[in-house]
Amino acid sequence: MSDNEGRDSAPPPAIQSDTSPKDTIRILLATDNHIGYNERDPIRGQDSINTFKEILELAVKHDVDFVLLAGDMFHENKPSRECLYQTMALLREYTMGNKPVQLELLSDPDEGKADGYTFPAINYEDPNFNVGIPVFSIHGNHDDPQGAGAEGALCALDVLSVSGLVNYMGKIDLPISDADAQNTGIAVRPVLLRKGSTYLGMYGIGNVKDQRMHFELRSNRVRMFMPRDKDNWFNILLLHQNRVKHGPQESVPEGMFDDSIDLVVWGHEHDCRIVPEPVAGKNYYITQPGSSVATSLADGEAIEKHVALLQIHGKEFQMTPLPLRTVRPFVIEDVVLSEVAEAEGIDLSDQIEISKYLKTKVQVNALIEQANQLWDERNAKAVEDGEQELPRMLPLVRLKVDTTGVTATSNPIRFGQDFQGRIANPRDVLVFHRSKKPATRTSKIAIDQPELSIDDPALSVSEKLAKVRVGTLVNEYLAAQELQLLGEGGMSDAIQMFVEKDDIHAIQTHVAKSLKALLSNVQGSEEIDEEEVIDMLVKAKEQHEKDYAENKTKAFNAKKGKAKAKAQEEEQSDDSMMMDVDAGGVGSDFDEPESDVPLPKKKAPAKPKKAPAKAPAKKAPAKARGKKAVVSDDDDEEEEEEAPKPTKRTNRAAVLRFDIIALRFLVICGNRLNAHSQPAKKAPAKKKGATPAATAGRSSRAAATKARGKMVVSDDDSD
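Since this is a predicted model, take the numbers as computed values, not measurements.

A few words now on empty space enclosed by the protein. Here the idea is plain: a probe the size of a water molecule rolls over the atoms and shows the empty space left. Within the structure shown, the criterion is met by five cavities of 30 Å³ or more. Its volume calculated, the largest cavity comes out at about 110 Å³. Residue contributions to the lining of the largest cavity peak at three residues, all from helix H2 (residues 47-61). Its residues assigned to classes, the lining of the largest cavity shows five nonpolar, five polar and three charged.

The following block contains the structure:
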């Protein structure tokens, strides 16, 4: 039996013993409200705030002790003034009042309060406020703290917290430096409450990067400060992370939480799985309320939206799902045109016929009518339960069409215009997609992917994480490209400046300086044959690399202490959730521990000796500087597979990237050579005396260079 089958068959937990209202904590549980989503849309702009209003109305109706939210209250990190205004007005309307709060706060009321102020962090402990229903919330990935001002990273929940409307919990103080991060981990301090004989501990962890959370849990560095008699408490963990796997460390495993936890409230995932699910090998359950508004037209959003009434008595609990009535009905369906063409004889080359069928598909399959019927059924059920009937809302409809094998399709926006006034999303009712074929890797493609040090299959994941350095990867990648003009060391430093110092001109400046240095080293006082240009470039590049390395060593020795001071003072990112947990100590990813990556050894003169056999085929780069040149080279290589030769791991795409740079340099070099050769007036005689055999004997690279030089020079003259 699979895990899902076991979860479906397991009965939901329920309170078995006789309960007393004085000993039972009642909580309204919700998450991912996304207030302000699509607020400028004339039809759907008020959906999120209307549903949030319904949630607060349910809290009042069911006489809960408090409301518990698991992140993403707001859709934007900086919500609009109108969004903040409506949210604060609703919180004041429904959570303030004369209703006494029957929860005794046992934890420190000043834990998490604003620095420099005297009012407590928990709003109902402040005598200046008359709170009837407290609201506790953590932040999500949409409304996480940002900024590095005097007050630290702030978010919209901080504004609501100091206003006395929301109790903000789960804000983690991130370490300032990477050195502190290696020893800090994540410290979680609870909010401890008591009602009669029931003790409740709430542990909130606001959203952090999934890689970091995975690392902290795997390293057992999530420290939860629990009471000494923690087994007598009902412990709830709130978090806002990926639950579905998106990669090795792009999610948080379900079974890595503390064994003293009784219930995990999981935010961030939008599909509603609100019925508590047991975890294999653990004693706790997981509930996933899902979002209260559809922020994407995906399959998970089509599930009916719910919040829950959570009742806790001692160590027992039960959860009652409450459907949300103000959420638009949403239906989604898939259509594969290739299958439809076989079944109904539709001509896939006729765009009008396809569009007509799709319009009929929406109507015949009654997607709109199905959504309206769904609304009517929910409305009728609510009326039976004594609720007020709500007017019908325009539904959300999505038709996903697989167009594999179809040459032309209609405009989705124009397609949706026929359904104006019948659905809430006429602009994106239709979406086209093609089935992806699995990519087949060949030896030629593998050449373009150089083997890096972290690709060693013998290394474990932890060893790779400890070994990885961006600077090392850049050096290895550039060394595998066999650059013909630019040095690997200088390019690596330029990339470092571009990434770390945000110097957008670093690479451009390095290229200009390198070409200038190469030009100064290529001095010709007499006529030079084009075949000798390659040798001169190789020697000039080697000399430039040598000079660059010597200058770098001198500068490093002279300013070693100063450079370290600057590195420590480097301003941190504004993203408070950014944490490179894989860094191996203080410093940049471009720190260069003694790398064992050898510099590429190139012997350019060897290519012209083999060039005569490929001379006709190598003229393609002179005519076009794009992908066609690569295709022609690959074709030539396939024709010459009969004579196997030792292959070099050369990235042709990378060489072509620097083709323009090489072209400009060669033009300048050619102009200087022509200036030296004109007084001798030997060039015309040489052209007249050239024989077909001599012309055919020239290297392919020299021929391409000459063609490029003529083409670019003619363009310059025309200018």
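Moving on: the side chain of Asn 167. Note on placement: Asn 167 falls in strand E7 (residues 167-168). Assessed through its relative accessible area of 1%, Asn 167 is described here as buried. For Asn 167, the side chain forms a polar contact with the main-chain nitrogen of Asn 123, separated by 2.7 Å. Those residues within four positions of Asn 167 in sequence are excluded, and the remaining contacts are Ala 121, Ile 122, Asn 123, Pro 134, Val 135, Phe 136 and Ser 137.

Moving on, we get to unusual backbone geometry. If you check the backbone angles, Asp 32 has positive phi at about 55° while not being a glycine. Overall, the relative accessible area of 0% leaves Asp 32 in the buried class. A positive phi angle, close to 55°, is found at Asp 72, a residue other than glycine. Relative to the elements of secondary structure, Asp 72 occurs in the loop between strand E2 (66-70) and helix H3 (81-95). Overall, the relative accessible area of 1% leaves Asp 72 in the buried class.

The end-to-end C-alpha distance of H3 is 21 Å, a good match for the 21 Å that 15 residues give at a rise of 1.5 Å each. Taken together, the buried positions of H3 are occupied by Cys 83, Leu 84, Gln 86, Thr 87, Leu 90, Leu 91 and Thr 95. One side of H3 carries all its buried residues, which in axial view fall inside an arc of 165°. Exposed and facing more than 90 degrees away from the buried side of H3 are Arg 81, Tyr 85, Arg 92 and Glu 93. In this structure, the buried residues of H3 make contact with H2, strand E4 (135-138) and helix H4 (156-162).

The rules behind each value
- Residues numbered from 1 in each chain as written.
- Predicted model: local features only at pLDDT ≥ 70, side-chain atom pairs only at ≥ 80, totals over all residues.
- Heavy atoms only, no water.
- 1 Å grid on protein atoms, 1.4 Å probe; cavity = no way out; pocket = protein on both sides within 12 Å on 5 of 7 lines; lining within 4 Å.
- Points joined across faces, edges and corners; volume = space filled by probe spheres on them.
- Helix = DSSP H or I, 4+ residues; strand = E, 2+ residues; numbered from the N terminus.
- Nonpolar A, V, L, I, M, F, W, Y, C, P; charged D, E, K, R; others polar.
- Buried < 20%, exposed > 50% of the residue type's maximum accessible area, 1.4 Å probe, protein only.
- Polar contact = N/O pair within 3.5 Å; in protein donor to acceptor, adjacent residues only side chain to side chain.
- Contact = heavy atoms within 4.5 Å.
- Expected span 1.5 Å × (residues − 1).
- Arc of directions from axis to C-beta.

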